[in-house]
Amino acid sequence: MAIYRIKITMGDGSRGRYTGLFADGFEAVLQTLADFPEARSVAAMFIRRAGA
C-alpha cells in the first residue's frame, strides 16, 4: 500500500484534493472516478509507501 495525493477537477471547474491509501496509482484514479463520476480530470501523485 502507498500514500497518494489525489487532485480532482470537476465539470464546473471547481477543484479539490485529498490524500489516500491505495495499492497503486491506477487504483487511486479508478476509486476517485467511482466516487466522483462527474470529475473532468483526476491525477494521482505518489507520496510514499505506507509504513515507511
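Here's what I pulled together on the structure shown here.

Calculation notes
- Residues numbered from 1 in each chain as written.
- Predicted model: local features only at pLDDT ≥ 70, side-chain atom pairs only at ≥ 80, totals over all residues.
- Heavy atoms only, no water.
- Phe/Tyr/Trp six-rings, centres within 6.5 Å; stacked < 30°, edge-to-face > 60°.
- Helix = DSSP H or I, 4+ residues; strand = E, 2+ residues; numbered from the N terminus.
- Buried < 20%, exposed > 50% of the residue type's maximum accessible area, 1.4 Å probe, protein only.

So, the packing of aromatic side chains
Now for step 1: Counted under the stated rule, the structure contains two aromatic pairs.
Now for step 2: Aromatic side chains Tyr4 and Phe22 sit 6.5 Å apart centroid to centroid with 65° between the ring planes, which places their arrangement in the edge-to-face category. Taken together, the residues Tyr4 in strand β1 (residues 2-10) and Phe22 in strand β2 (residues 15-22) connect sequence positions 18 residues apart. Taken as a pair, Tyr4 and Phe22 share a single burial class, namely buried.
Now for step 3: Exposure remark for Tyr4: the relative accessible area of 9% places this residue in the buried category.
Now for step 4: Put simply, the rings of Tyr4, Phe22 and Phe46 touch in pairs and so form one group of aromatic residues.

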